[in-house]
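Breakdown of the fold
Given next are the chains, with one letter for each unit.
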Amino acid sequence: MELEGGLLSRALPYVPSVATTAIVVVVLFVTRLLLEKRRALGRGRQIQHQSLMILLTLAGLLAIILVLPIRDATRGQLLTLAGILLSAAIALSSTTFLGNALAGVMLRAVRNVRTGDFVRVGDLFGRVSERGLFHTEIQTEDRDLTTLPNLYLISHPVTVIRTSGTILSATVSLGY
């Protein structure tokens, strides 16, 4: 009986941490399922979905660190380390990661390209099949899927043919 009481008294400080971790995992899982369900219904808000998942993950990590059964000084050091790692990750990958994210937001704000439109970028021509925070997927004339970084779409001229337009292509030859 004394062994059980000692084991219970040792495990009691970890209950909030385990509960918080479980809640964070469940919230992330349910949010992902709901977002996938909305996506299956045809609502194309992938940038908002990805941003929401990133923010929820960071908030969950912060909540887990805050309820860990450690001293305040150690908690402060962990929060400082997490902040430094996040800042370093953004700083080191800012040319591609942050650039593509900002280009994706800019493409959404400008609204010059929509899902279903036909686009010509450089040597590529195809139908926009998916738009994300970091990339845009184009289905080419050969039915291949090509993924273009949003930064590429911002830095190169894009010719757009709306889905309401008609594209006709024919090869004609004359023989004698």
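Structure: see above.
Anyway, here's the lowdown on the structure attached to this text. (Residues numbered from 1 in each chain as written. Predicted model: local features only at pLDDT ≥ 70, side-chain atom pairs only at ≥ 80, totals over all residues. Heavy atoms only, no water.)

Moving on, we come to the sheet that holds strand β4 (residues 145-149). The strand order across the open sheet built from five strands is β4-β3-β2-β1-β5, with neighbouring strands paired in antiparallel fashion. Edge positions in the sheet fall to β4 and β5 (158-161), since each of these pairs with one other strand and no more. Each neighbouring strand pair of the sheet contributes to a mean axis angle of 40°, computed without reference to strand direction. In terms of strand pairing, strand β1 (residues 118-121) meets β5 through four bridges, oriented antiparallel. (Pairing = 2+ DSSP bridges. Helix = DSSP H or I, 4+ residues; strand = E, 2+ residues; numbered from the N terminus. Axes fitted to C-alpha atoms, helices over the stretch in contact; angles between N-to-C directions.)

Once that is clear, we can look at a positive patch on the surface. Side chains of R38, R45, R111 and R114 sit close together on the surface and give a patch of like positive charge. A relative accessible area of 62% means that R111 is categorised as exposed. (Patch = residues over 30% accessible without salt bridge, like charges linked within 9 Å, V, L, I, M, F, W, Y side chains within 5 Å. Areas by Shrake-Rupley, 256 points an atom, 1.4 Å probe, with all protein chains shown as cover. Salt bridge = Lys/Arg side-chain N within 4 Å of Asp/Glu carboxyl O. Lys, Arg positive; Asp, Glu negative; His and termini not counted. Charge placed at Lys NZ, Arg CZ, Asp CG, Glu CD. Buried < 20%, exposed > 50% of the residue type's maximum accessible area, 1.4 Å probe, protein only.)

What follows is about the pairing of β4. In this sheet, β4 lies alongside strand β3 (residues 135-140) in antiparallel orientation, the contact comprising five bridges. When the bridges of β4 are listed, Q139 appears paired with L145. Here β3 folds back onto β4 in antiparallel fashion, the turn holding four residues, of which R143 has a positive phi close to 70°.

Here we take up unusual backbone geometry. Its identity is not glycine, yet R111 carries a phi of approximately 60°, on the positive side. Turning to its location among the elements, R111 is positioned in the loop between α5 (94-110) and β1. Its identity is not glycine, yet R143 carries a phi of approximately 70°, on the positive side. Along the chain, the position of R143 falls in the loop between β3 and β4.

This next bit is on the pattern of salt bridges. Using the criterion set out here, one finds three salt bridges in the structure. Note that R32 and E36 form a salt bridge whose closest N and O atoms lie 3.1 Å from each other. Linking R32 with E36, this pair stays in helix α2 (residues 15-40), spanning four residues, or about one helical turn. Taking the shortest distance from any N to any O, the salt bridge between R75 and D72 comes out at 2.9 Å. In this pair, R75 and D72 both sit in helix α4 (residues 72-92), three residues apart, roughly one turn of the helix. R75 sits in the buried class, given a relative accessible area of 16%. On the accessibility criterion, D72 (62% relative accessible area) is exposed.

Moving on to the side chain of T136. By secondary structure assignment, the location of T136 is in strand β3. In terms of polar contacts, T136 uses its side chain to reach the side chain of N150, at 2.7 Å. Not counting chain neighbours up to four residues away, the residues in contact with T136 comprise L107, V128, E130, R131, T146, T147, L148, N150 and L153. (Polar contact = N/O pair within 3.5 Å; in protein donor to acceptor, adjacent residues only side chain to side chain. Contact = heavy atoms within 4.5 Å.)

The full count for this structure, using the stated rule, is one aromatic pair. Geometrically, the ring pair formed by F118 and F125 is stacked, given 6.2 Å between the ring centres and 15° between the ring planes. A relative accessible area of 12% means that F125 is categorised as buried. (Phe/Tyr/Trp six-rings, centres within 6.5 Å; stacked < 30°, edge-to-face > 60°.)

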